[in-house]
Amino acid sequence: MKFIPLKEVWNRLFGSIWYPFAQVLNAHTSYETQRKLNAVLASPAVLKVFALQCDLFSMGKVTVEQNDKEIEDDPFLALIRDPNPFTNTESQFLWNFMFFNMLGTAYCYVNSKVVDGTGNKLYFLEPHKIIWPESFKRAKDKLIFSEAEVRALDKTIITYRYDDGTELTFPFDRLVISYDLTNAVGCFYSGPSRLDALYKIISNSEHVLDSENINIRYTSKFLVGTDNKTGMVPGLSDDEKTGIEGSMEKGGKNVYPIRSKPTISRFVSDLGALQLPEEYKHQYFLIGNMYGIPTEVLEAYAESSTYENQAKARAAHVYYCLEPKGNQFMDAFEQHFKYREAGKNIKISWKDSPFMQVFEKERVDTKKVQVEILTSLLQAGVPIKQINEYLDTEFKIEKPEPAAVETTQAGTGQEAQVPAGEGDNQKIRMLK
């Protein structure tokens, strides 16, 4: 694939005017989706946000449960761990999902509706290579009410065109589709992209990089003149300019005899005053925030953020953003493979990830404090019902029945029990 510079991408796609959203949204125009992909790959700030989000999402672990029990040998787990010959790990499959989802819509091609069917494979399709039939374009926003219409839709043939011009055709029901935002604004088969709202921000970040590049190059350029302001000073001839340039570039001289004092100044005297890196960082944060990524996650190595704060931010981001989106994707597989009818639930979680241990530590510390408060209140004679209401807990106190003490003659082998609280019901021999 030939990648186009970001500036050219946006100029070709949008021209000098930003078109209204309704005009940009077209699920069936491969021209637009390819340019958005190129725009991501050509912009350092956007690509960094995409890579960060995908890296974090790929740390998730997929599980299958039935009757609240995990099924470790479910065939779906084997499929997602080796989905196709080119994506042979679960983490890479999850990474690819998030990348295409952030573009707006992720189209996952599933070769069979039987999860462990022979030759079943999972592939993410490049949206710009999908050729939608005219029937889809006409009915992209039309409501369906009958099962017959649903079946007809599922059997509609979709074309996928490779770079060499050859094609793969398949029925629509082989696609498992996941949307970043929604599929209810103008087209049921594709969702809008957040990139549409980031046009100016991406352009600004590109201009910042251009400015920094130009200014860095001009820091090595100088203006050389004279402070002679008496009389009319004619402009320098070409020979005089060449002579000055040559003299200044020659090495080995420590003394230059001159008629009047020269003035030498840089084209860019203070690059730091422009604060271009800070402005680029600002644009990067704006792009990341558009995708719901907390500041601490966007700048994982910020000096102002402690490791614990970074871990908490990652954990919160996973809990509120990535986990719901991941489970939405897993729900689509449940429907495709009819797992719901079998009472199976496909889930994704990050509970074993290092940053999630921060929440686990907080949970343990909270329980420890609750136990300490419980002990103090019980010693103060507060009823357990009031304690539970105060702590929002469900503690119960069971009073064991005291056991009778039986004594026997020594050497008979008979034993006695100590009443509860005087030995934890341990058996001892009683000697007379």
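Preceding block: the structure.
Report on the accompanying structure.

**A look at the overall build of the protein chain**
If you tally the helices and strands in the protein chain, you get 15 helices and 13 strands. Taken across its 432 residues, the protein chain has 38% of its residues classed as buried. Accessible surface, the protein chain: about 26,800 Å² in total, of which carbon and sulfur atoms supply 52%.

**Re the pairing of strand β3 (residues 105-110)**
Buried residues dominate β3, accounting for six of its six residues. Side chains of β3 alternate between two faces, with Thr 105, Tyr 107 and Tyr 109 and Ala 106, Cys 108 and Val 110 buried alike. Here β3 runs beside strand β8 (residues 175-179); their pairing, made up of five bridges, is antiparallel. Its bridge partner being in β8, Tyr 107 is matched across the sheet by Ile 177. As paired elements, β3 and strand β4 (residues 122-125) share four bridges and run antiparallel to each other.

**Side note on the nonpolar core**
Residues Val 62, Phe 76, Phe 93, Cys 108, Phe 329, Met 330 and Phe 333 are the most contacted members of the largest nonpolar core, which totals 61 residues. If you tally residues by element for this core, the top one is helix α13 (residues 307-336), at ten residues. The residues touching Val 62, leaving out its near neighbours within four places in the chain, are Phe 76, Leu 77, Ile 80, Glu 90, Leu 94, Met 330, Ile 346, Lys 347 and Ile 348. Among the nonpolar cores identified, the runner-up in size contains 16 residues, and Tyr 107, Trp 132, Ile 177 and Tyr 189 belong to it.

**What about helix α15 (residues 384-391)?**
Burial in α15 covers these residues: Ile 387, Asn 388 and Leu 391. Looking down the long axis of α15, one finds its buried residues gathered within 100 degrees of arc, a one-sided arrangement. Facing away from the buried side of α15 by more than 90 degrees, the exposed set consists of Lys 385, Glu 389 and Tyr 390. Count one or two residues on from α15 and you reach Asp 392, which has phi positive near 55 degrees.

**Focus on the sheet that holds strand β6 (residues 157-161)**
With respect to topology, three strands assemble into an open sheet ordered β5-β6-β7, the strand pairing being antiparallel. This sheet does not close on itself; its edge strands, each paired only once, are β5 (130-131) and β7 (167-171).

**Comments concerning unusual backbone geometry**
Positive phi, normally seen in glycine, also occurs at Asp 68, with a value near 65 degrees. Relative to the assigned elements, Asp 68 resides in the loop between β1 (61-66) and β2 (69-70). Judged by relative accessible area, which is 76%, Asp 68 ranks as exposed. The phi dihedral of Lys 338 falls on the positive side, at around 60 degrees, and the residue is not glycine.

**So, the sheet that holds β3**
Taking strand neighbours across the sheet as the criterion, the three strands line up as β4-β3-β8 in an open arrangement whose pairing is antiparallel. Edge strands, defined here as strands with exactly one partner in the open sheet, are β4 and β8. Neighbour-to-neighbour, the strand axes of the sheet open up by a mean angle of 25 degrees, direction not taken into account. Together, β3, β4 and β8 form the strand contacts of helix α6 (residues 90-103), whose direction differs from that of β3 by roughly 135 degrees.

Criteria and cut-off values
- Residues numbered from 1 in each chain as written.
- Predicted model: local features only at pLDDT ≥ 70, side-chain atom pairs only at ≥ 80, totals over all residues.
- Heavy atoms only, no water.
- Helix = DSSP H or I, 4+ residues; strand = E, 2+ residues; numbered from the N terminus.
- Buried < 20%, exposed > 50% of the residue type's maximum accessible area, 1.4 Å probe, protein only.
- Areas by Shrake-Rupley, 256 points an atom, 1.4 Å probe, with all protein chains shown as cover.
- Pairing = 2+ DSSP bridges.
- Core = buried A, V, L, I, M, F, W, Y, C linked by side-chain atoms within 4.5 Å.
- Contact = heavy atoms within 4.5 Å.
- Arc of directions from axis to C-beta.
- Axes fitted to C-alpha atoms, helices over the stretch in contact; angles between N-to-C directions.

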